[in-house]
Amino acid sequence: MSTGKLEGRVAIITGSGGGLGAECARVLASHGAHIAVIDIDGDAAGSVAESIKALGGQAVAIRTDVSSEEQVQAMVAQVKQHFGRIDVLHNNAAVLNVEQRQKDRDICNLDMAAWDRAIAVNLRGAVLCSKYSIPVMLEQNRGSVIFATSGLGMQGDMSLTGYATSKAGLMMLPRLIAAQYGKQGIRANAVQIGLAPAENAHQSMPAEVLDILRDNHLTPELGTPRQIADVVAFLACDESSFVTGTTLVADGGFSSHTPSLVAMRALFEKMGKTGM
Ligand SMILES: NC(=O)c1ccc[n+]([C@@H]2O[C@H](COP(=O)([O-])OP(=O)(O)OC[C@H]3O[C@@H](n4cnc5c(N)ncnc54)[C@H](O)[C@@H]3O)[C@@H](O)[C@H]2O)c1
């Protein structure tokens, strides 16, 4: 449903050539925002921008590697030139392809190039986009900076050492930005996302893994990209004008329960069946 709550606002969304970022681009556009679709995959960014324009929205696609300072600086200048302002920055880009996931392992088996890449794209990229977008927001004394993060940024797990560390950093950045620029009208928040795979991502995960993760969410089902995009739209618009410097958890309760909950649930079920 379009509310017009972002009418005329300009939003940069990184990594929006696919997955959650693309859904965020479509949903923010449906609320009236003009979207800069940023991705290292220029063709994918172009298709998302075209799909927004086909529905009557305004969008521009800019191929950018967010880990490159030169490219980010040029991208922000291009967005400013194209739309005249920047109101929202959603730092969503992350390097998550299969090769990266296979190399970003436990510390003893960590491929340091994969570590460097995770930190460069996920963390440095978000810092760079913030560094160049916030001065434009300060010109209008208003802006909302959002960071896509994950429970892996605060809970230990078996692998993805670089990814998890980058996501932990992304929970600190909104606090810093809120403290540094809050008095000048800039808000900053993170969204801690549970498993909300895009439709095509379901097939790339083994069914057993999906079952374990579904069991550990407290909602009947895993999340959807739309559910995450709705939270991002809330943080982007004035409905959240008193929310800053925090992490909003949108994870279906994944991080809110005791580690023993799933085993206890299975035990209670067994007791119910056997009268044990
Ligand atoms: N989908 C989930 O269930 C989930 C859960 C927790 C957190 N997240 C977070 O949400 C965000 C989006 O996740 P997703 O599942 O849609 O991932 P995705 O892999 O589908 O999308 C990531 C996008 O980032 C782009 N990208 C990669 N490297 C880049 C670079 N150097 N410069 C610019 N763009 C680059 C990719 O091309 C891709 O379009 C990520 O930050 C991820 O960590 C997602």
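Conventions and cut-offs
- Along each chain, residues carry numbers from 1 onward, in the same order as the chain's sequence is written.
- This being a predicted model, a pLDDT of at least 70 is required before a residue's local features are given, and a value of 80 or more before pairs of side-chain atoms are given or counted; all residues contribute to the totals for chains, interfaces and linings.
- Side-chain numbers come from the whole structure's heavy atoms, not from hydrogens or water.
- A fitted line through C-alpha atoms represents every axis, and for helices the fit uses only the stretch in contact; the resulting angles, taken between N-to-C directions, go from 0 to 180 degrees.
- Secondary structure elements are defined from DSSP: runs of H or I of at least 4 residues count as helices, runs of E of at least 2 residues count as strands, and each element is numbered from the N terminus.
- Put simply, angles under 35 degrees are roughly parallel, angles over 145 are roughly antiparallel, angles from 65 to 115 are roughly perpendicular, and the rest are oblique.
- In this scheme, a crossing is called left-handed if the near helix is turned counterclockwise away from the far one by less than a right angle; it is called right-handed if the turn is clockwise.
- Residues are treated as being in contact if the distance between any of their heavy atoms lies within 4.5 Å.
- Any two strands with at least two DSSP-identified bridges between them are counted as paired.
- When a residue's accessible area, from a 1.4 Å probe over protein chains only, is under 20% of the maximum for its type it is buried; when over 50% it is exposed; and in between it is partly exposed.
- By salt bridge we mean one thing: a side-chain nitrogen of Lys or Arg within 4 Å of a carboxyl oxygen of Asp or Glu.
- What makes a residue near a molecule or strand is one non-hydrogen atom of that residue sitting within 4 Å of it.
- Under this definition, polar contacts are N or O atom pairs within 3.5 Å; protein pairs additionally need one hydrogen-donor-capable and one acceptor-capable atom, and for neighbouring residues in sequence, both atoms have to be side-chain atoms.
- Working definition of accessibility: Shrake-Rupley area with a 1.4 Å probe, residue cover restricted to the visible protein chains.
- Residues are grouped as follows: Ala, Val, Leu, Ile, Met, Phe, Trp, Tyr, Cys and Pro are nonpolar; Asp, Glu, Lys and Arg are charged; every other residue, Gly included, is polar.

> I'd like to hear about the packing of helix α5 (residues 112-139) against helix α6 (residues 161-181), residue by residue, with values.
Between α5 and α6, whose axes approach to 8 Å, the crossing angle comes to 15°. Judged by the angle between their axes, α5 and α6 are roughly parallel. Crossing of α5 against α6: the hand is right-handed. Of the residues in α6, those in contact with Trp115, Ala118, Ile119, Asn122, Leu123, Ala126, Val127, Ser130, Ile134 and Leu138 of α5 are Thr161, Gly162, Tyr163, Thr165, Ser166, Gly169, Leu170, Leu173, Ile177 and Tyr181.

> Quick one: what's the story with the pairing of strand β3 (residues 59-63), residue by residue and with numbers?
In the sheet, strand β2 (residues 34-39) pairs with β3 via five bridges, with the strands oriented parallel. Paired with Ala36 across the two strands is Val60, which belongs to β3.

> So what's going on with unusual backbone geometry? Residues and values would help.
In this model, Asn141 sits at a positive phi of 55°, which is unusual for a non-glycine residue. Among the secondary structure elements, Asn141 is positioned in the loop between α5 and β5 (143-150). Here Leu160, not a glycine, exhibits a phi torsion of approximately 55°, which is positive. For Leu160, the position within the fold is in the loop between β5 and α6. Given a relative accessible area of 15%, Leu160 falls into the buried group.

> How would you summarise the pattern of salt bridges if you had to cite specific residues and measurements?
Summed over all chains, the structure comprises 13 salt bridges. Measuring nitrogen to oxygen at the nearest pair gives 2.9 Å for the salt bridge that ties Glu99 to Lys103. Here Glu99 and its partner Lys103 are both found in helix α4 (residues 98-103), four residues apart, which amounts to about one turn of the helix. Glu221 is the partner of Arg214 in a salt bridge, and the nearest nitrogen-oxygen pair spans 3.2 Å. Among the charged side chains, a salt-bridge network with shared partners connects Arg85, Asp87 and Arg142.

> Now, about the site of the ligand: what can you tell me, with residues and values included?
Around the ligand, the structure places 25 residues, and the nearest of them are Leu20, Asp39, Asn92, Tyr163 and Ala196. In this structure, Gly194 approaches the ligand through a main-chain N or O atom, which is 3.5 Å from an oxygen atom. For the ligand, the accessible surface in isolation is 830 Å², of which the surrounding protein chains cover 83%. For the shell around the ligand, the elements supplying multiple residues, two or more each, are α1 (19-30), α5, β5 and α6. No other element matches the three residues that β5 contributes to the shell around the ligand. Its residues placed into classes, the shell around the ligand shows 13 nonpolar, eight polar and four charged.

> Could you give an account of the packing of helix α3 (residues 69-83) against α5, naming the residues involved and the relevant values?
Put simply, α3 and α5 touch, their axes get as near as 9 Å, and they point 30° apart. It follows that α3 is roughly parallel to α5 by the angle criterion. Pair α3 / α5 crosses with right-handed handedness. The residues of α5 that touch α3, namely those facing Glu69, Val72, Gln73, Met75, Val76 and Lys80, are Arg124, Leu128, Cys129, Lys131, Tyr132, Ser133, Val136 and Glu139. Residue classes in the contact of α3 with α5 are distributed as seven nonpolar, two polar and five charged.

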